[in-house]
Amino acid sequence: MALALDGYLRVSRIGGRNGETFISPAAQREKIEAHARAHGYSVAAWHEDLDESGSKASRPGFQKALARVERGETGGIIVAKLDRFARSVADAADAIRRIRSAGGELVSVEDGFDSSTPMGKFAVHMILALAELELDRIRENWLTAHEFAVRRGVHVASRTPTGYRRRADGRLEPDPGAAPVVARLFREKAAGASLKELARLLMEASVVGPYGNPNWTSGAVAKLLANPVYTGEARAGKYRNPEAHPAIVAPAEWRAAQSKRLAQPTSAKSDGSLLAGLLRCAGCRYVMKADKMTLRDGSRVRIYRC
């Protein structure tokens, strides 16, 4: 039984084009049909993307053809030329992975490419290897760019941290209005203030978050306090510059705000309940509270209960 493939046609721009470099949809279809007859394939369905660039992976006809392969409705895709399939090595590799994962084949007429043959399988491996190489190159360039940016003291994140403003060169400087409030935030946290109290402080001072939101939650305050950017540090991944910009808080103040507030025992006031909040019930393990019990003679004694 002939292997059924879906034919895919693409033209990046139709209007006014002609000549040898222009392969019309009709010419592509003719090439595909002739190759299919000669090699024992059948064309189960046709998909067209007209006026669509090959650099776009989101082409509707292209995605429909791939989806049919993944659902097992066709045995693969056949194109007149490989550049009709994709212009980008990365996009071609991603599409080929999807086709191969579904057990499908890719055939390109003019290139003599057939992923079901030994040479075709070799070509697939080469395309995938080139895609990985390109991805590694892009990643390396990206990391190098981040490293040099951090060295220059540039804040790489897209959003400017609350309390700072961004200069034209990408470095940060304290915002005259918000920076003092942020500095106070760290001092209050180190002194034992709760996150809710700190959120209220920010809203009362009309300090807005990095996304322009004037309302503060405990979670947003916690993220602000945990950010070492306020000590003057710029960072991106493993790269750090501890003196990238003026600090709003000293490193010691920042560290003091990171420590969790220790649980305080229940207030004993002056009634002698020295063990309140320290003792735990042997049965339920809850902290025991101070109480008093009246004896038969009318006297009262100190007890602890959970």
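Parameters at a glance
- Residues numbered from 1 in each chain as written.
- Predicted model: local features only at pLDDT ≥ 70, side-chain atom pairs only at ≥ 80, totals over all residues.
- Heavy atoms only, no water.
- Salt bridge = Lys/Arg side-chain N within 4 Å of Asp/Glu carboxyl O.
- Helix = DSSP H or I, 4+ residues; strand = E, 2+ residues; numbered from the N terminus.
- Buried < 20%, exposed > 50% of the residue type's maximum accessible area, 1.4 Å probe, protein only.
- Pairing = 2+ DSSP bridges.
- Core = buried A, V, L, I, M, F, W, Y, C linked by side-chain atoms within 4.5 Å.
- Contact = heavy atoms within 4.5 Å.
- pLDDT = per-residue confidence, 0-100.
- Phe/Tyr/Trp six-rings, centres within 6.5 Å; stacked < 30°, edge-to-face > 60°.
- Expected span 1.5 Å × (residues − 1).

**Q** Describe the pattern of salt bridges, listing the residues and the values that go with them.
**A** By the definition in use, this model includes twelve salt bridges. Residues Glu-110 and Lys-31 are paired through a salt bridge, measuring 3.4 Å at the closest nitrogen-oxygen approach. With Glu-110 in the loop between strand S4 (105-108) and strand S5 (113-114) and Lys-31 in helix H1 (residues 25-39), the pair connects residues that are 79 residues apart, well separated along the chain. Taking relative accessible area as the criterion, Glu-110 reaches 40% and is therefore assigned partly exposed. Residue classification places Lys-31 among the partly exposed residues on the basis of a relative accessible area of 33%. What you see here is one network of salt bridges that share partners, running through Asp-6, Arg-68, Arg-71 and Glu-73.

**Q** Let's hear about the sheet that holds S5: which residues, and what values?
**A** Pairing is mixed in the open sheet, where five strands are placed in the order S2-S1-S3-S4-S5. Two strands bound the open sheet, and with one partner strand each, they are strand S2 (41-50) and S5. In terms of strand pairing, S4 meets S5 through two bridges, oriented antiparallel. Pairing of Ser-108 across the sheet is with Phe-113, part of S5.

**Q** How would you explain the nonpolar core if you had to name every residue and give the values?
**A** A general tendency of soluble globular proteins is for nonpolar side chains to be buried together. Leu-185, Phe-186, Val-221, Leu-224, Tyr-230 and Ile-248 are the most contacted members of the largest nonpolar core, which has 25 residues in total. If you list the elements that add at least two residues to this core, you get helix H6 (179-190), helix H7 (195-204), helix H8 (218-226) and helix H9 (251-258). Counting residues per element, this core draws most heavily on H6, at six residues. Residues within four places of Val-221 in sequence aside, it is in contact with Leu-185, Leu-195, Leu-198, Ala-199, Leu-202 and Trp-216.

**Q** Give a detailed account of the confidence of the model for the chain, specifying residues and quantitative values.
**A** The share of residues in the chain with pLDDT of 70 or more is 83%, and the mean pLDDT across the chain is 82. Low pLDDT, under 50, characterises residues 16-21; the predicted model gives this stretch two contacts beyond four residues in sequence or across chains. Contacts of residues 261-270 to residues separated by more than four positions or lying in other chains number six contacts, the stretch itself having pLDDT below 50.

**Q** How would you sum up the packing of aromatic side chains? Please name residues and give values.
**A** Following the criterion strictly, the structure yields four aromatic pairs and no others. Taking the centre distance of 5.8 Å and the plane angle of 25° together, the rings of Tyr-164 and Tyr-230 count as stacked. You can see Tyr-164 sitting in strand S6 (residues 164-166) and its partner Tyr-230 sitting in the loop between H8 and strand S8 (234-236), a full 66 residues away along the chain. The residues Tyr-164 and Tyr-230 share a single accessibility class, namely buried. Centroid distance Phe-186 to Tyr-230: 5.6 Å. Interplanar angle 55°. Geometry classified as tilted.

**Q** I'd love a proper account of the side chain of His-35, names of residues and values included.
**A** Within the fold, His-35 resides in helix H1. On the accessibility criterion, His-35 (15% relative accessible area) is buried. The contact partners of His-35, leaving out residues within four places of it in the chain, are Tyr-41, Ile-78, Val-107 and Val-109.

**Q** Tell me about unusual backbone geometry, residues and numbers included.
**A** Of note, the phi angle at Asp-51 is positive, near 60°, even though the residue is not glycine. Assignment of secondary structure puts Asp-51 in the loop between S2 and helix H2 (60-70). Phi angles above zero are rare outside glycine, and Ser-206 is one such case at about 60°. Mapped onto the fold, Ser-206 is located in the loop between H7 and H8. Relative accessible area serves as the criterion here: at 61%, Ser-206 is assigned to the exposed category.

**Q** Tell me what's going on with H6, and back it up with residues and numbers.
**A** Structurally, the α-helix is built with 3.6 residues per turn, so residues lying three or four positions apart point the same way. Its twelve residues give H6 an end-to-end C-alpha distance of 17 Å, which sits within 8% of 16 Å, the value for a rise of 1.5 Å per residue. Every buried residue belonging to H6 is among Ala-179, Val-181, Val-182, Ala-183, Leu-185, Phe-186 and Lys-189, and all of these are buried. Turning to H6, the residues buried within the fold contact strand S7 (172-174), H7, H8 and H9. Note on H6: the residue one or two positions beyond its end, Gly-192, has a positive phi of about 110°.

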